[in-house]
Amino acid sequence: MKLIGSTTSPYVRRLRIWMSDIEHGFEQVDIFNSADRARLVTSNPTLKVPMLEDGKRTIFDSGAIYRYLTKKLSKQELSWEQTNLLTLIDSANDSLVQIFLLSRSDIDTSADKLYFRLQRERFDVIFAELNKAAEEGQFEEWNYATISLFCLLDWVSFRERYDYSSLSALVDFHNATKERQEVRATDPR
Ligand SMILES: N[C@@H](CCC(=O)N[C@@H](CS)C(=O)NCC(=O)O)C(=O)O
């Protein structure tokens, strides 16, 4: 079984951390490198990472890989409350990655335009909600949703994409988890 992805992607990193007790290989690809893109074109038409190769089967998308391995290895499923938290994390992360790619395309993402206003509102609402959930202790268990929150927070700090320094429960959560061994082992910096 092999996970394929970049070391900087928060979606790849969440799986690498979650899969730390599952025997697997890791193949690094750079989505901006043309040779690596050719590899994706032949095996993953979404042209996104991560993907998982398991024998003759290839699974695209972090969520699908998580569900595939949870079923295959009879791992504990997330509750619906945890699934909702994961959806919030994914929603913010998807928008943040799109804004990041637009910035890399020299587009002014701080402009007062409808699309950017909608995304900024989404970030503020979701990060506040995640902070509330952290205050309530909903990220005390080290499960896939908790790992995904860590990867989102660490990615926004690394890429300087969102300032959550006023959200103390998220700051405390990040500080409390960043020294874990599997977290340090996957730090892209
Ligand atoms: N829904 C996908 C999102 C994956 C994703 O957006 N990956 C980014 C890297 S962080 C990517 O490969 N982007 C390439 C592109 O958008 O062209 C998942 O959960 O795996």
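Per an unreviewed UniProt entry, the recorded name for the protein is Putative glutathione S-transferase enzyme with thioredoxin-like domain, and the organism is Glaciecola nitratireducens.

Visitor: Quick rundown of the overall build of the protein? Include the residues and the values.
Guide: Looking only at helices and strands, the protein has eight helices and four strands in total. Listing every helix and strand of the protein by position from the N terminus yields β-α-β-α-β-β-α-α-α-α-α-α. For the protein, whose C-alpha radius of gyration is 17 Å, the value lies close to the compact-globule estimate of 16 Å for 189 residues. With respect to the three principal axes, the spread of C-alpha positions in the protein is 45 × 40 × 30 Å. Each of the 189 residues in the protein was classed as buried or not, and the buried ones make up 44%. For the protein, long-range pairs separated by at least 24 residues make up 60% of all intrachain contacts whose partners lie at least 6 apart in sequence. Surface summary for the protein: the accessible area is close to 10400 Å², and the carbon and sulfur share equals 48%. Placing the 25 positive and 29 negative side-chain charges of the protein at their respective mean positions leaves the two points 6 Å apart.

Visitor: Account for the sheet that holds strand β2 (residues 25–28), with residues named and values stated.
Guide: Read from one edge to the other, the open sheet built from four strands follows the order β2-β1-β3-β4, with strand pairing classed as mixed. Both edges of this open sheet fall to β2 and β4 (57–60), since each of them pairs with a single strand only. Here the average twist between neighbouring strands, direction ignored, is 20°. Sheet analysis places strand β1 (residues 2–5) next to β2, joined by four bridges and oriented parallel. Paired with Gly5 across the bridge in β2 is Gln28. Set on the sheet, helix α1 (residues 10–18) makes contact with β1 and β2; between it and β1 the angle comes to about 155°. Set on the sheet, helix α2 (residues 34–43) makes contact with β1, β2, β3 (51–54) and β4; between it and β3 the angle comes to about 60°.

Visitor: So what's going on with the nonpolar core? Residues and values would help.
Guide: By size, the foremost hydrophobic cluster in this structure holds 54 residues, and its most contacted members are Trp18, Leu96, Phe127, Leu130, Phe139 and Leu170. Elements with a minimum of two residues in this core: β1, α1, β3, α3 (62–72), α4 (80–104), α5 (114–135), α6 (144–158) and α7 (168–177). Looking at which element gives the most residues to this core, the answer is α6, with 10 residues. The residue makeup of this core includes at least three contributed by each of domain 1 (2–72) and domain 2 (80–184). Apart from the residues within four sequence positions on either side, Phe127 is in contact with Ala92, Leu96, Leu152, Leu153, Val156, Tyr162, Tyr164, Leu167 and Leu170.

Visitor: Describe the domain arrangement of the protein, with residues and values.
Guide: One can read the domain layout of the protein as domain 1 (2–72) and domain 2 (80–184). Just the C-alpha atoms count here: the centres of domain 1 and domain 2 sit 21 Å apart. Counting from both sides, the interface comprises 14 residues of domain 1 and, opposite them, 21 residues of domain 2. Approximately 1500 Å² of surface area, both sides summed, lies buried where domain 1 meets domain 2, with 61% of it carried by carbon and sulfur atoms. The interface formed by domain 1 and domain 2 holds two salt bridges in total. Taking the shortest distance from any N to any O, the salt bridge between Arg14 and Asp90 comes out at 2.8 Å.

Visitor: Account for the UniProt feature "domain: GST N-terminal" (unreviewed entry) in the protein, naming residues and giving values.
Guide: UniProt's entry tags residues 1–77 with the feature "domain: GST N-terminal" (unreviewed entry), counted in the numbering of this structure. Secondary structure within residues 1–77 divides into 39% helix and 21% strand; the distance between the first and last C-alpha atoms comes to 21 Å.

Visitor: Describe the environment of Phe173, with residues and values.
Guide: Here Phe173 is to be found in helix α7. Ignoring anything within four residues of it in the chain, the contact list for Phe173 reads Phe139, Thr146, Leu149, Phe150 and Leu153.

The rules behind these values
Residues numbered from 1 in each chain as written. Predicted model: local features only at pLDDT ≥ 70, side-chain atom pairs only at ≥ 80, totals over all residues. Heavy atoms only, no water. Helix = DSSP H or I, 4+ residues; strand = E, 2+ residues; numbered from the N terminus. Rg over C-alpha atoms; globule rule 2.2 N^0.38 Å. Buried < 20%, exposed > 50% of the residue type's maximum accessible area, 1.4 Å probe, protein only. Contact = heavy atoms within 4.5 Å. Areas by Shrake-Rupley, 256 points an atom, 1.4 Å probe, with all protein chains shown as cover. Lys, Arg positive; Asp, Glu negative; His and termini not counted. Charge placed at Lys NZ, Arg CZ, Asp CG, Glu CD. Pairing = 2+ DSSP bridges. Axes fitted to C-alpha atoms, helices over the stretch in contact; angles between N-to-C directions. Core = buried A, V, L, I, M, F, W, Y, C linked by side-chain atoms within 4.5 Å. Domains from an automatic or database assignment. Buried area = accessible area lost by both parts, 1.4 Å probe. Salt bridge = Lys/Arg side-chain N within 4 Å of Asp/Glu carboxyl O. UniProt positions renumbered as here; feature names shortened; annotations may be inferred.

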